[in-house]
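Okay, here's what each chain looks like letter by letter:
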Amino acid sequence: MTIAVTGATGHLGRLVVEALISRGVAPGEIVAAVRDTGKAARLAALGVQVREADYDRPETLATAFAGIDRLLLISGNEVGKRVPQHTAAIEAARAAGVGFLAYTSILRADTTRVGLAPEHLATEQVIAAAGIPFALLRNGWYIENYTGQFGTALSTGAFLGSARDGRIAAATRADFAEAAAAVLLSAEPGVYELGGEAFTMAELAAEVARQSGTPVEYRDLPVAEYQAVLVGAGLPEQYAGLLADTDTKIAEGELDTDSDDLTRLIGRPATSLADAVATALKN
């Protein structure tokens, strides 16, 4: 059995490859399907097969997916281009005779009003029509979306946002990667709503303050003001608007879930907020 992981040099993809190996998959039975093979030296050193797979160049996908039994399609990072990119990958997987396809989607893709969801839902629909047995890994928010802000928060004394007291059922990339590996190994079709220990932004700020010994608070801003902050930090205006709008959806509960799918798949509780903060503060 050969398992392919697209985007394998990315943060999530690399962790999925490592999780597969830790679960007993021989490295030679794993294909790292990547846009830039030059960035895959670390994976190649593990004994993993490295193949070029560029969503914008379908001819590379046909070669990358040849002989693949199970495929993890990790969503692309080019917002606005993902549906045609994913469609090319799905069509290539079908043509190659892939027997099982898992896709990293977003929490409650079919009902959520989060602005990032429509591309995921459209991809899910293409997958459903492709005739390949599939699993939808509807990932919640990554805790790393916030741990990457720790430096700024510690220097300024605040996290900024428009999430009010909305709860975020976030988990670490490693948690989501383990779940993906478990589904790839079981090849169990289904829709998995994946989320971890829920917290508010105020609770996150309090935990960072407690562990760091530095005063940190959460300051809630009007959405237009928060968007302006993001633009000021260097984000393109359209993307900043999307992220700011996501915060308003967090306030409405769109990134919270009481599903236990994640813990069932990984066989343990998701990483706690306290542990995630401790790890981030050490790095």
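Higher on the page you've got the structure.
A. Highlighting the overall build of the protein. Check the secondary structure of the protein and you find 13 helices and eleven strands. Computed over its C-alpha atoms, the radius of gyration of the protein comes to 19 Å, within 12% of the 19 Å expected for a compact globule of 283 residues. Overall, the C-alpha framework of the protein stretches about 55 × 35 × 35 Å when taken along its three principal axes. For the protein, buried positions account for 49% of its 283 residues. Considering only intrachain contacts with a sequence separation of at least 6, the fraction spanning at least 24 residues in the protein is 76%. For the protein, the accessible surface area stands at approximately 12000 Å², while carbon and sulfur atoms represent 52% of it.

B. Region of the structure containing the packing of helix α9 (residues 201–212) against helix α13 (residues 273–282). The contact between α9 and α13 brings their axes to 10 Å, and the two run at 55°. It follows from the interaxial angle that α9 and α13 lie oblique. In terms of crossing hand, the pair formed by α9 and α13 is right-handed. Seen from α9, the contacting residues are Glu 203, Leu 204, Glu 207, Val 208, Arg 210, Gln 211 and Ser 212; seen from α13, they are Leu 273, Ala 274, Val 277, Ala 278 and Leu 281.

C. Representation of the nonpolar core. One finds Val 5, Val 16, Leu 20, Leu 72, Leu 137, Leu 194 and Leu 262 to be the most contacted residues of the largest nonpolar core, which totals 38 residues. Counting residues per element, the ones that place at least two in this core are β1 (3–6), α1 (11–22), β2 (30–34), β5 (100–106), β6 (134–139), α8 (173–186), β9 (190–194) and α12 (261–266). The contacts of Leu 137, once residues within four sequence positions are left out, are Leu 72, Ala 102, Tyr 103, Thr 104, Ser 105, Ala 180, Val 183, Tyr 192 and Leu 194. Core analysis: the second largest hydrophobic core is formed by 28 residues, Ala 109, Ala 209, Val 216 and Leu 242 among them.

D. Layout of the environment of Ser 105. Examined against the element boundaries, Ser 105 turns out to sit in strand β5. Sequence separation between Ser 105 and Asn 77 is 28 residues; the distance between their C-alpha atoms is 12 Å. Those residues in contact with Ser 105, other than ones at most four positions away along the chain, are His 120, Glu 124, Leu 137, Arg 138 and Asn 139.

E. Seen up close, helix α5 (residues 117–130). For α5, built from 14 residues, the straight-helix expectation of 20 Å at 1.5 Å per residue is met to within 8% by its first-to-last C-alpha distance of 20 Å. What α5 keeps buried is the set Ala 117, Glu 119, His 120, Thr 123, Glu 124, Ile 127 and Ala 130. Along the long axis of α5, the arc covered by the buried residues comes to 160°, so they all point the same way. With respect to the buried face of α5, the exposed residues turned more than 90 degrees away are Pro 118 and Ala 129. Packing partners of the buried residues in α5 comprise α4 (82–96), β5 and β6.

Cut-offs applied
- Residues numbered from 1 in each chain as written.
- Predicted model: local features only at pLDDT ≥ 70, side-chain atom pairs only at ≥ 80, totals over all residues.
- Heavy atoms only, no water.
- Helix = DSSP H or I, 4+ residues; strand = E, 2+ residues; numbered from the N terminus.
- Rg over C-alpha atoms; globule rule 2.2 N^0.38 Å.
- Buried < 20%, exposed > 50% of the residue type's maximum accessible area, 1.4 Å probe, protein only.
- Contact = heavy atoms within 4.5 Å.
- Areas by Shrake-Rupley, 256 points an atom, 1.4 Å probe, with all protein chains shown as cover.
- Axes fitted to C-alpha atoms, helices over the stretch in contact; angles between N-to-C directions.
- Parallel < 35°, antiparallel > 145°, perpendicular 65-115°, else oblique.
- Left-handed = near helix turned anticlockwise from the far one by under 90°.
- Core = buried A, V, L, I, M, F, W, Y, C linked by side-chain atoms within 4.5 Å.
- Expected span 1.5 Å × (residues − 1).
- Arc of directions from axis to C-beta.

That is the geometry; function is a separate question.
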